[in-house]
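For reference, the chains in residue letters:
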Amino acid sequence: MHPVILTALGVGGATVFGVVIGFLFKKISHKFSDIVLSFAAGVMLAAAVLGLVLPALEHGSGKWTDLLIVVLGIFVGAVVLDLIDKLVPHLHKLAGKEPDLHSDCGQCRNEKASKVLLFVLAIAIHNLPEGIAAGVGFGTGNTTDALLLAAGIALQNIPEGMVIVAPMLASGISPKRTFLYASLTGFIEVVGTFIGFFAVSIASTILPFALAFAGGTMLYVISDEMIPETHAHGSEKGATYALLFGFCLMLGFDFLL
């Protein structure tokens, strides 16, 4: 089986795995989820730099314009996600807007379900660029780096899948629909992986920009979403060391492989 297919199934399946954990452990502590998410942020940070940004520079011709293209790609990737955020806010921006989950009136339950589904939609939309990043990583021809990059994205998807189960169940959405909606957010990444892979396969000339663009989206997610979320519940120290551990672990893998 082609590594891209395995990658697509892996990044999408990681979300489903997180959803299953969310069903099994509906009351996961903030501290635990913050540590796991911070570790994933460290892995993604290393993957973005080592698997996307640096290869983008290496695939140039050594001219100063190559650096300009990479910097432009990073900022374009960040701006695109910033625009998406303005249309559909993500994780920590919606956290403070969650409806009262203890109200039982029919209208309130419908309102709760609508807001929670908006939350799930936001995750799905944000997952598309992450999937594209996983696919673009194969454009370098270095399968090991591409798989490590995909592993970092997959690790981030597990806690994301975990946290969306409880709000949907509490809003009155049935367990079957909850599993279906949550799993669809992972399917979006499968689609994104193939889009990224075929884009750089068809037009290899755009590879440096595409790699930098994907790196910019990941750096944006880490700085704007993952780190603020993991520092919002009193677990800053543990989250910081978990990030460093994840980063160094990826650094070690890159060095050994």
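No experiment lies behind these values; they were computed from the predicted model shown.

Student: Hey, could you run me through the overall build of the protein in this one?
Tutor: For the protein, the count of helices and strands is 10 helices and zero strands. If you list the helices and strands of the protein from N to C, you get α-α-α-α-α-α-α-α-α-α. For the protein, contacts bridging at least 24 residues in sequence account for 86% of all contacts bridging at least 6. A total accessible area of about 12,300 Å² is found for the protein, and carbon and sulfur atoms account for 72% of it.

Student: What exactly am I supposed to notice about the pattern of salt bridges here?
Tutor: Note on pairing: side chains with opposite charge can pair once their charged atoms come close. Tallying each qualifying case throughout the model produces one salt bridge. A salt bridge links aspartate 82 to lysine 86; the shortest N-O distance between them is 3.3 Å. Within this pair, aspartate 82 and its partner lysine 86 are both found in helix H3 (residues 64–87), separated by four residues, close to a single helical turn. For aspartate 82, a relative accessible area of 28% puts it in the partly exposed group.

Student: Help me understand the environment of leucine 67, please; the structure alone is not making it clear to me.
Tutor: Tracing the backbone shows leucine 67 in helix H3. Judged by its relative accessible area of 49%, leucine 67 falls in the partly exposed class. Between the alpha carbons of leucine 67 and alanine 56 there is a distance of 8.8 Å; along the sequence they are 11 residues apart.

Student: I would appreciate a short explanation of the confidence of the model for the protein in the present structure.
Tutor: Interpretation of the predicted coordinates at a detailed level should be avoided for regions scoring low in pLDDT. Looking at the protein as a whole, its pLDDT mean stands at 81, while 87% of the residues score no less than 70. Of the regions scoring below 50 in pLDDT, residues 91–103 engages in 24 contacts with residues more than four places distant in sequence or in other chains.

Student: I tried to follow a nonpolar patch on the surface on my own but got confused; where do I start?
Tutor: Judged by side-chain polarity, Leu128, Leu180, Leu184, Phe187, Val191 and Ile195 come together as a nonpolar surface patch covering roughly 500 Å² of accessible area. Here the nonpolar patch gets five residues from one element, more than from any other, and that element is helix H8 (residues 175–202). Position of isoleucine 195 relative to the elements: it lies in helix H8. Assessed through its relative accessible area of 43%, isoleucine 195 is described here as partly exposed.

Student: Can you walk me through the packing of aromatic side chains in this structure?
Tutor: The geometry of an aromatic ring pair comes down to the distance between the two centres and the angle between the two planes. One pass over the structure, following the stated rule, counts six aromatic pairs. Ring centres of phenylalanine 39 and phenylalanine 245 lie 5.8 Å apart, and the angle between their planes is 35 degrees; on these two criteria the pair is classed as tilted. With phenylalanine 39 in helix H2 (residues 30–58) and phenylalanine 245 in helix H10 (residues 236–256), this residue pair connects regions lying 206 residues apart in the sequence. For the ring pair phenylalanine 138 and phenylalanine 197, a centre distance of 6.4 Å and an interplane angle of 85 degrees mean the geometry is edge-to-face. With a gap of 59 residues between them, phenylalanine 138 in the loop between helix H5 (106–136) and helix H6 (143–163) and phenylalanine 197 in helix H8 connect regions that are remote in the sequence. Phenylalanine 138 gets classed as buried once you look at its relative accessible area, which sits at 11%. Ring-pair connections join several aromatic residues into one group, and the members of that group are Phe138, Phe194, Phe197 and Phe198.

Student: I tried to follow the environment of proline 129 on my own but got confused; where do I start?
Tutor: Relative to the assigned elements, proline 129 resides in helix H5. For the pair proline 129 and valine 80, spaced 49 residues apart in the sequence, the C-alpha separation amounts to 9.3 Å. Leaving out residues up to four positions away in the same chain, proline 129 has contacts with Leu81, Ile84 and Thr217.

Student: Explanation requested: the side chain of aspartate 66 in the structure shown.
Tutor: Along the chain, aspartate 66 turns up in helix H3. Of the side chains with opposite charge, lysine 63 lies nearest to the buried aspartate 66, which makes no salt bridge, at 7.4 Å. Setting aside residues no more than four positions away along its own chain, aspartate 66 makes contact with Leu57, Gly60 and Ser61.

Student: Can you help me understand H10 in this one?
Tutor: Three- or four-residue spacings in an α-helix give side chains the same orientation, since the helix completes a turn every 3.6 residues. The terminal C-alpha atoms of H10 lie 30 Å apart, and with 21 residues this matches the ideal 30 Å at 1.5 Å per residue to within 8%. On its buried side, H10 packs onto H2, H6 and helix H9 (207–230).

Thresholds, definitions, all that
- Residues numbered from 1 in each chain as written.
- Predicted model: local features only at pLDDT ≥ 70, side-chain atom pairs only at ≥ 80, totals over all residues.
- Heavy atoms only, no water.
- Helix = DSSP H or I, 4+ residues; strand = E, 2+ residues; numbered from the N terminus.
- Contact = heavy atoms within 4.5 Å.
- Areas by Shrake-Rupley, 256 points an atom, 1.4 Å probe, with all protein chains shown as cover.
- Salt bridge = Lys/Arg side-chain N within 4 Å of Asp/Glu carboxyl O.
- Buried < 20%, exposed > 50% of the residue type's maximum accessible area, 1.4 Å probe, protein only.
- pLDDT = per-residue confidence, 0-100.
- Patch = residues over 30% accessible without salt bridge, like charges linked within 9 Å, V, L, I, M, F, W, Y side chains within 5 Å.
- Phe/Tyr/Trp six-rings, centres within 6.5 Å; stacked < 30°, edge-to-face > 60°.
- Lys, Arg positive; Asp, Glu negative; His and termini not counted.
- Expected span 1.5 Å × (residues − 1).

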